[in-house]
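The lines below spell out each chain.
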Amino acid sequence: MSTVLKLNQPIKKLSDILNNIIENSFPVKSVSKAVKLFIQVPLATTAHILLPSAASVLILRAVFEGYMPKALIYHIILLIMLFFILSVKVSLSSLLSSSIAYKSCKWFLDGQDSNTLPVKHSQTGDLSRQDKLNLAVIGVLAGILYYYLHKLTFIKLCGLILMPALIYLWPWLGLALTALILPLAPTTYSVGIIGLTFLSVLLKNDKFKKSLPAAIIPSILFMISAGIAAAFSVARAESLKALPLYVAYFMIFYCSSVLFRDSKTIKTVLAFLVISVMMISLLGIYQYFFVKVPTAEAWVDVKQFPELATRVYATLENPNVLGEYLGLAIPLLLGLFWASGKFRQKFLLTIVLGISTLCLVLTFSRGAWLGLAVAVLAFALIKEPKLLILLLILAILAPMFLPSVVTNRIASIGSLEDSSNAYRITIWIAALRMMKNYWLNGVGLGSTAFARVYRDYMIAGASAIHAHNLYLEVGLEMGILGLFALLWMAFRGFSEALIYVENNSKMSFVLAGIFAGLVGHLFHGLFDYVWYSPRIVMAFWMYFGMMSAIASGNLIDDMTGEKAA
């Protein structure tokens, strides 16, 4: 501790210097100024950027390509409309207050202020000459880039320029965007956003300086064991390539545990998360009823389930991965349902719960079904015992209404006649034999290291790229230290959460939902390697960080506005 205290002062000085450089940089100052102007006069600010941009594109196309008369007329009409918008001096608050969407959101949120932007300039202002010049320069540059670059490249470049500045100014935005795009976009985007968020949180340490989560030490130990496993891997090059993902897992855990203690951040992140779950669930349902995507032979025993023609996966790698994601999200939605105080909120959450649960059923992932059942049971036991009666009634009546393909799938759970179940047992036996020889530091991170060693222990030609068991896989990849760190982290996080769940605040229901989702996920891990997809692992660490933040008790109750007990 003495060494840490001695290092703290120079580190603080360095962060102050870096903050000063960043805050005075052109991108951050420009974005901050543009946001303030947009809040004061949104239409005029937008027009002062788009008019020069559209004019630049018009001139470049006229010089280098030529215009069809019809297209030229449309472009000129657009320029005229933008020209008249230049003089519209309506503030953002006035504009929103007259919109149906804003009124609907405000009504849904019990009349509370739904504006989460930290910059509050509701008064109507005017653009100075310098502001107009700066916006015009930005517009001209954007127009030139738009003309010469491919449209997708232009969008990515704009994101690359704007995103770091926006996340530095408002780190909660990074966590909210991660919650939104995690299951919808490639992992690279989520890792990039959470990396920027982590750096912003570190640089603004004084602002977010609060008690550390209970699981911080075991989580650090988990990362250290990952580094050791990569260094001594049987496939070192491949394991070292996988190591940055483990760093990203820690970053999303830390950012969640720090940022999720603010009421506006909680509200925003949960709203983005609900939207994300809704989108991916609707896509999965669309795949089943309209696209009817064929089921790969590796996903089902065709002889035992000939009628199972479609298992949905939405934007994720396979149905089991989608089931794992929804298995984490649905219990949180259940907690939000119980925490909501108004009928309109409960009604909307009931719709989202129904759609996401239907999508989970259509994955036909038996492990995900079991995980969800355990999660709902855990929620009922720790927070709402009355729910047990409803669960018992559903368990009795469900076989009467469920289609045969679902009941047959449920009946096959644990049956050795199913090739998938027999296949798993064979792999577990081989994995245990591997564990006997690689218990100290594991074989290394990633499927390549596992496959290279597994082929020497394989039984009856049952090939595999992972152990189909979370705990066996972590132990094999990272050794006994990694497995111990995971179990210790779970114990510390859950024990702290159980203490907070006992109070009667509405936020405790949200915590109970996250707790139950993580319990169900870890139970699912007994039968499958639920961390095969990096997106699911990031979701797990994000949920775990959110649970740690709420369980710490250092937050304002989002539902009541009162200090949590």
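Just so it is clear, the structure is predicted and the values come from calculations on it, not from any experiment.

J.: Mind laying out the side chain of H75, listing which residues take part and the relevant values?
T.: With respect to the secondary-structure elements, H75 resides in helix α4 (residues 69-85). Since its relative accessible area comes to 11%, H75 is described here as buried. Apart from the residues lying within four places of it in its own chain, the contact partners of H75 are A54, V57, L58 and Y67.

J.: Just give me the short version of the nonpolar core, but keep the residues and values in it.
T.: Membership of the largest hydrophobic core comes to 114 residues, with the highest contact counts inside it found for F222, W531, W541 and Y543. Sorting elements by how many residues they give to this core places helix α23 (residues 534-551) first, with 14 residues. Those residues in contact with F222, other than ones at most four positions away along the chain, are Y246, V474, M478, G482, A485, L486, W531 and W541.

J.: If you had to explain helix α2 (residues 26-40) to someone new, which residues and values would you point to?
T.: Taking 1.5 Å as the rise per residue, α2 with 15 residues should run 21 Å; its terminal C-alpha atoms sit 21 Å apart, in good agreement. Within α2, burial applies to V28, S30, V31, V35, L37, I39 and Q40.

J.: Can you lay out the packing of aromatic side chains for me, pointing to particular residues and giving the numbers?
T.: This model, assessed by the stated rule, comprises 27 aromatic pairs. Against the face of F337 rests K346, its NZ or CZ located 4.5 Å from the ring centre. Geometry around F509 places K383 over its ring, the cationic atom sitting 4.7 Å from the centre.

J.: So what's going on with a nonpolar patch on the surface? Residues and values would help.
T.: There is a patch of nonpolar side chains on the surface, built from I217, I220, I224, I228, F232, W439, L440, I480, L481 and F484 and spanning about 950 Å² of accessible area. Those elements giving two or more residues to the nonpolar patch turn out to be α11 (216-231) and α21 (470-501). At four residues, the largest contribution of residues to the nonpolar patch is made by α11. Assignment of secondary structure puts F232 in the loop between α11 and α12 (236-259).

J.: Report on unusual backbone geometry, specifying residues and quantitative values.
T.: Even without being glycine, K292 reaches a positive phi, approximately 55 degrees. By secondary structure assignment, the location of K292 is in the loop between α13 (263-291) and α14 (319-339). The backbone phi angle of A314 is positive, close to 55 degrees, even though this residue is not glycine. With a relative accessible area of 6%, A314 lands in the buried category.

J.: Before we move on, can you summarise the pattern of salt bridges with the specific residues and values?
T.: Counted by the stated rule, this structure contains three salt bridges. The shortest N-O distance in the salt bridge between K33 and D131 comes to 3.9 Å. Residue K33 is found in helix α2, and its partner D131 is found in helix α7 (residues 129-148); the two are separated by 98 residues along the sequence. When its relative accessible area of 11% is taken as the criterion, D131 is described as buried. In this structure, D528 engages R424 in a salt bridge whose closest nitrogen and oxygen atoms are separated by 3.3 Å. Of this pair, D528 sits in the loop between α22 (507-524) and α23 while R424 sits in helix α19 (residues 419-437), placing them 104 residues apart in sequence. Residue classification places D528 among the buried positions, given a relative accessible area of 6%.

J.: Outline the confidence of the model for the protein chain, listing residues and values.
T.: When pLDDT is averaged across the protein chain, the result is 86; 90% of the residues are at 70 or more. The low-confidence segment residues 113-122 (pLDDT under 50) makes 21 contacts with residues lying over four places distant or belonging to another chain. Segment residues 556-565: pLDDT under 50, and 28 contacts once partners within four positions in sequence are set aside and those in other chains are kept.

What counts, and at which threshold
Residues numbered from 1 in each chain as written. Predicted model: local features only at pLDDT ≥ 70, side-chain atom pairs only at ≥ 80, totals over all residues. Heavy atoms only, no water. Helix = DSSP H or I, 4+ residues; strand = E, 2+ residues; numbered from the N terminus. Buried < 20%, exposed > 50% of the residue type's maximum accessible area, 1.4 Å probe, protein only. Contact = heavy atoms within 4.5 Å. Core = buried A, V, L, I, M, F, W, Y, C linked by side-chain atoms within 4.5 Å. Expected span 1.5 Å × (residues − 1). Phe/Tyr/Trp six-rings, centres within 6.5 Å; stacked < 30°, edge-to-face > 60°. Lys NZ or Arg CZ within 6 Å of the ring centre and 35° of its normal. Patch = residues over 30% accessible without salt bridge, like charges linked within 9 Å, V, L, I, M, F, W, Y side chains within 5 Å. Areas by Shrake-Rupley, 256 points an atom, 1.4 Å probe, with all protein chains shown as cover. Salt bridge = Lys/Arg side-chain N within 4 Å of Asp/Glu carboxyl O. pLDDT = per-residue confidence, 0-100.

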